[in-house]
Amino acid sequence: MLQTLYDYFWWERLWLPVNLTWADLEDRDGRVYAKASDLYITLPLALLFLIIRYFFELYVATPLAALLNVKEKTRLRAPLNPTLEHFYLTSGKQPKQAEVELLSRQSGLSGRQVERWFRRRRNQDRPSLLKKFREASWRFTFYLIAFIAGMAVIVDKPWFYDMRKVWEGYPIQSMIPSQYWYYMIELSFYWSLLFSIASDVKRKDFKEQIIHHVATIILISFSWFASYVRAGTLIMALHDSSDYLLESAKMFNYAGWKNTCNNIFIVFAIVFIITRLVILPFWILHCTLVYPLELYPAFFGYYFFNFMMGVLQLLHIFWAYLILRMAHKFITGKLVEDERSDREETESSEGEEAAAGGGAKSRPLANGHPILNNNHRKID
């Protein structure tokens, strides 16, 4: 049974054009071709990335945060209350008015004291400013290095300037070491992001981020299996071109450098729109949809690859909407913040804390800073 599934999964007609077999892609005469077994190394490399990230955040990002004067807001902790804690963990973090009244009777606190307890308890669970800064620093460092390395891999290749050459000789296209390591490192990094997503800063587009990471891993892996390596390197470098800008804007935002953050964000928005909504659909997707059909009939791999590219493009449109909405608020002089961020709630006043059962409604802030707060993505 398992052998049958294995044979069907690796059936040439799923992965390769008609009249070609895996035997045609065996290494010979000093020419090396992409193989599925090459990707086994990405899982231990992903774990290595997590270890490197730990030490980077501890010995590089943390001192950098101190240098840039990244300051954490003082958070008042919710006092120990078993009744409210049980409700918080089992029923919800934002009780309705009827539930507040019931909890008030059960705990012996006033309604306002119950609401204040839940505000403080929610704030306790929110990631600290230092955690956000360290995460952004790590991603900025990787994306910047990956973009520079990616450009070094493809800038001297003829298919970088003439996309018809992406398919010249396909699929019998030998691989060079720089392409191999570019793929292995990119795929390992996205595995590491997927492994750490539960502990990373969660935002409102959490589900979209999971879809993005999974789609990216599938696309990178499939493009390697099906020898779409040339197209894959172009797509990965294209995505890296804007990601490091977003992460650097977030770093300056957490450091309180408002003008620098806003200026970098505008540059990021321009680069994102050009690369993700213009170059990707009208050059790259055109290259993967149209040119292959001039050489061979469509097969499963052709449809699957372009379907996954379509999934990524829909995510880009979703994120472009959020980016343009923030850019509009910035240009019109309104308060700008990351549309995906989870805003922190603040206490109304010191006077309220001293008064028993009194107080006004809290007003949301975003860690004291007016813009940005996150991440994105690639074959992102």
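Rules behind the numbers
Residues numbered from 1 in each chain as written. Predicted model: local features only at pLDDT ≥ 70, side-chain atom pairs only at ≥ 80, totals over all residues. Heavy atoms only, no water. 1 Å grid on protein atoms, 1.4 Å probe; cavity = no way out; pocket = protein on both sides within 12 Å on 5 of 7 lines; lining within 4 Å. Points joined across faces, edges and corners; volume = space filled by probe spheres on them. Helix = DSSP H or I, 4+ residues; strand = E, 2+ residues; numbered from the N terminus. Nonpolar A, V, L, I, M, F, W, Y, C, P; charged D, E, K, R; others polar. pLDDT = per-residue confidence, 0-100. Contact = heavy atoms within 4.5 Å. Patch = residues over 30% accessible without salt bridge, like charges linked within 9 Å, V, L, I, M, F, W, Y side chains within 5 Å. Areas by Shrake-Rupley, 256 points an atom, 1.4 Å probe, with all protein chains shown as cover. Salt bridge = Lys/Arg side-chain N within 4 Å of Asp/Glu carboxyl O. Buried < 20%, exposed > 50% of the residue type's maximum accessible area, 1.4 Å probe, protein only. Arc of directions from axis to C-beta. Axes fitted to C-alpha atoms, helices over the stretch in contact; angles between N-to-C directions. Parallel < 35°, antiparallel > 145°, perpendicular 65-115°, else oblique. Left-handed = near helix turned anticlockwise from the far one by under 90°.

As recorded by an unreviewed UniProt entry, the protein carries the name sphingosine N-acyltransferase and is attributed to Neophocaena asiaeorientalis asiaeorientalis.

S.K.: What exactly am I supposed to notice about the layout of surface pockets here?
M.R.: It is the rolling of a water-molecule-sized probe over the atoms that shows where space remains empty. Its boundaries defined by the atoms lining it, the largest pocket holds a volume of some 450 Å³. As for the largest pocket, its lining consists of 17 residues, of which Trp 10, Lys 35, Ala 36, Ser 37 and Phe 225 are closest to the centre. At the level of secondary structure, the elements contributing two or more residues to the lining of the largest pocket comprise helix 3 (42-67), helix 8 (177-196) and helix 9 (206-225). By residue class, the composition of the lining of the largest pocket is 12 nonpolar, 3 polar and 2 charged.

S.K.: Which parts of the structure should I look at to understand the confidence of the model for the protein?
M.R.: Detailed reading of the predicted coordinates is not advisable wherever pLDDT is low. Taken residue by residue, the protein gives an average pLDDT of 83. The fraction at 70 or more is 87%. When mean pLDDT is compared element by element in the protein, helix 3 scores highest at 96, while helix 13 (residues 350-354) scores lowest at 37. Contacts of residues 348-380 to residues separated by more than four positions or lying in other chains number 125 contacts, the stretch itself having pLDDT below 50.

S.K.: How should I be thinking about a nonpolar patch on the surface in this particular structure?
M.R.: On the surface, a cluster of nonpolar side chains totalling about 780 Å² of accessible area is made up of Leu 48, Ile 51, Ile 52, Tyr 54, Phe 55, Leu 58, Tyr 59 and Val 60. In this structure, Tyr 59 sits in helix 3. Overall, the relative accessible area of 57% leaves Tyr 59 in the exposed class.

S.K.: Would you explain helix 4 (residues 82-90) in this entry?
M.R.: Owing to its 3.6 residues per turn, the α-helix aligns residues three or four sequence positions apart on the same side. Leu 84, Phe 87 and Tyr 88 are the residues of helix 4 that are buried. Seen from one end, helix 4 has its buried residues packed into an arc of 100°, which puts them on one side. Facing away from the buried side of helix 4, by more than 90 degrees, are the exposed residues Pro 82, His 86, Leu 89 and Thr 90. The elements touched by buried residues of helix 4 are helix 5 (97-107) and helix 6 (111-125).

S.K.: Sorry if this is basic, but what is going on with the packing of helix 3 against helix 8 here?
M.R.: Geometrically, a packed helix pair is captured by the angle between its two axes and the distance between the axes. Following both chains from N to C, one finds helix 3 and helix 8 inclined at 65°, their axes separated by 8 Å at the closest point. Our classification of the angle between helix 3 and helix 8 gives roughly perpendicular. Pair helix 3 / helix 8 crosses with right-handed handedness. On the side of helix 3, the interface is formed by Thr 42, Leu 43, Leu 45, Ala 46, Phe 49, Leu 50 and Arg 53, while helix 8 contributes Met 184, Ile 185, Leu 187, Ser 188, Phe 189, Trp 191, Ser 192, Phe 195 and Ser 196. In the contact of helix 3 with helix 8, the residues fall into 11 nonpolar, 4 polar and 1 charged.

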